[in-house]
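Chain by chain, the residues run as shown.
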Amino acid sequence: MSEKKNPLAAYAVASQFAFVILAPLLVFIVGGHYACEYFGWPDWVMVLCIILGIVFMIGGAVNHLMKMIKLFAKDDKNKYRRYYSDPRDNDYGDEYHHPHK
């Protein structure tokens, strides 16, 4: 059974996406607050940590979405089908003559 046919795959993708979004925010906000309190840094350092958390969150989310699009958008059937380009399927195919007939 392939990974994308599994019914639990949607829950796995959703939980991974939530982790990618929440982890940088929590690390930078909690770490920035702790660093500002412990070292007595000014408030602009906390604002900088929040901005960095948002930037890493957006970067991670975009990267994760691109990977999921590549994983789930693949066509399972990579074979070239003849009817994709058969001229008889088009409006201008009335004048088509098969070369072997």
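Above this text is the structure in question.
Below is a short write-up of the structure. (Residues numbered from 1 in each chain as written. Predicted model: local features only at pLDDT ≥ 70, side-chain atom pairs only at ≥ 80, totals over all residues. Heavy atoms only, no water.)

What about the overall build of the protein?
Counted only if it meets this: Numbering goes from the N terminus for both helices and strands, where a helix is a DSSP run of H or I of at least four residues and a strand is a run of E of at least two. Think of it in three bands: residues with accessible area under 20% of the maximum for their type are buried, residues over 50% are exposed, and the middle band is partly exposed, with areas taken using a 1.4 Å probe on protein chains only. Contacts are residue-level and defined by heavy atoms, with any inter-residue pair within 4.5 Å sufficient. Note on areas: Shrake-Rupley with a 1.4 Å probe; residue coverage comes only from the protein chains shown.
Looking only at helices and strands, the protein features 2 helices and 0 strands. Among the 101 residues that make up the protein, the fraction classed as buried is 15%. Restricting the contact set of the protein to residue pairs at least 6 apart, pairs at least 24 apart contribute 61%. Surface accessibility of the protein: about 8,700 Å² in total, with carbon and sulfur atoms responsible for 66%.

As for helix 1 (residues 9–39)
Defined as follows: What a helix is expected to span follows from its residue count: subtract one and scale by 1.5 Å. Each residue is assigned a bend, namely the angle between axes fitted to the seven residues that terminate at it and the seven residues that start at it.
For helix 1, which comprises 31 residues, the first-to-last C-alpha distance of 44 Å matches the rise-based estimate of 45 Å (1.5 Å per residue) to within 8%. The largest bend in helix 1 comes to about 25°, at L22, with the proline P24 one to four residues further on. Among all positions of helix 1, only A9, P24, G32, A35 and C36 are buried. Where the residues of helix 1 are buried, they touch helix 2 (43–72). Positive backbone phi, approximately 70°, marks G40, located one or two places after helix 1.

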